[in-house]
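# A closer look at the structure
Spelled out, the chains give:
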Amino acid sequence: QVQLVESGGGLVQSGGSLRLSCAASGSIISIPVMGWYRQAPGKQRELVARIITSGVTNYADSVKGRFTISRDNAKNTVYLQMNNLKPEDTAVYYCNAEVVHGPLNLRFNYWGQGTQVTVSS
C-alpha cells in the first residue's frame, strides 16, 4: 500500500504565502505524476498543478504566476509554493499521485487526506 501525508496548510492573510508538502511512502516503484487539487465549499474538486518525473508542469489558469509546484524524486515528495494568496484560494488542498507498484508494475491513483488553506481578506 501507499500513503500520502500532507502538511503545511493554515490561515494566512491575503497576499501572504504558504508552502504545502506531500510525502509518499510505501512499496513504490515510481511515481510518474504528482499533483495538487483543491475543493472549496459547494464546488467540485479542481486541478491546481501537477508535475511529472522529468519536471514538466502544468497549472490551472487561476494560479499561474502565483503558485509553483516542484518535486524531490529521491524523497517521493511534492511541494506547492503558494504566493500572493487570495481569498478565492481558500479550499481544502489534496495531494494526488499516480504510483507504480506491485509485482505487475501497475499504476494506481492515490489521494492524501487533505489540508485546509484559508485566506482572509
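Attention in this report is confined to the structure presented alongside it. (Residues numbered from 1 in each chain as written. Predicted model: local features only at pLDDT ≥ 70, side-chain atom pairs only at ≥ 80, totals over all residues. Heavy atoms only, no water.)

## Details of the packing of aromatic side chains
Any two aromatic rings considered together are summarised by their centre-to-centre distance and by the angle between their planes. Put simply, the rule is: Between the rings of Phe, Tyr and Trp (Trp by its six-membered ring), a pair exists once the centres lie within 6.5 Å; its type follows the angle of the planes, with under 30 degrees stacked, over 60 edge-to-face, and the other angles tilted. Put simply, DSSP marks the helices as runs of H or I at least four residues long and the strands as runs of E at least two long, and each gets a number from the N terminus on. Type-normalised accessible area, obtained with a 1.4 Å probe on protein chains alone, sets the label of each residue: buried when under 20%, exposed when over 50%, and partly exposed for intermediate values. Consider the ring centre and the ring normal. A charge sits over the ring if Lys NZ or Arg CZ is within 6 Å of that centre and within 35 degrees of that normal.
The full count for this structure, using the stated rule, is two aromatic pairs. Between Tyr37 and Trp111 the ring centres are 5.0 Å apart and the planes differ by 70 degrees, which places this aromatic pair in the edge-to-face class. Here Tyr37, found in strand 4 (residues 30-39), pairs with Trp111, found in strand 10 (residues 106-111); they are 74 residues apart in sequence, far enough to count as distant. Since its relative accessible area comes to 36%, Trp111 is described here as partly exposed. Taken together, the ring pairs connect Tyr37, Tyr94 and Trp111 into an aromatic cluster. Note that Arg45 overlies the ring of Tyr94, its terminal NZ or CZ placed 3.7 Å from the centroid. The aromatic ring of Trp111 is capped on one face by Arg45, whose charged end is 4.6 Å from the ring centroid.

## What about a nonpolar patch on the surface?
Going by this rule: Each patch is built from residues that are more than 30% exposed by relative accessible area and take part in no salt bridge. Like charges join if they lie within 9 Å; nonpolar side chains (Val, Leu, Ile, Met, Phe, Trp, Tyr) join within 5 Å. The Shrake-Rupley method, run with a 1.4 Å probe sphere, supplies the accessible areas, and residue values consider only the shown protein chains as cover. Salt bridge criterion: a side-chain nitrogen from Lys or Arg within 4 Å of a carboxyl oxygen from Asp or Glu.
A cluster of nonpolar side chains, namely Leu104, Leu106 and Phe108, defines an oily patch on the protein surface of about 300 Å² accessible area. Here Phe108 shows up in strand 10.

## Notes on the pattern of salt bridges
Under the criterion given, the structure shown has five salt bridges. Ionic pairing is found between Arg38 and Glu46, a salt bridge with its closest N-O pair at 2.7 Å. In this structure, Asp61 engages Lys64 in a salt bridge whose closest nitrogen and oxygen atoms are separated by 3.1 Å. What you see here is one network of salt bridges that share partners, running through Arg38, Glu46, Arg66 and Asp89.

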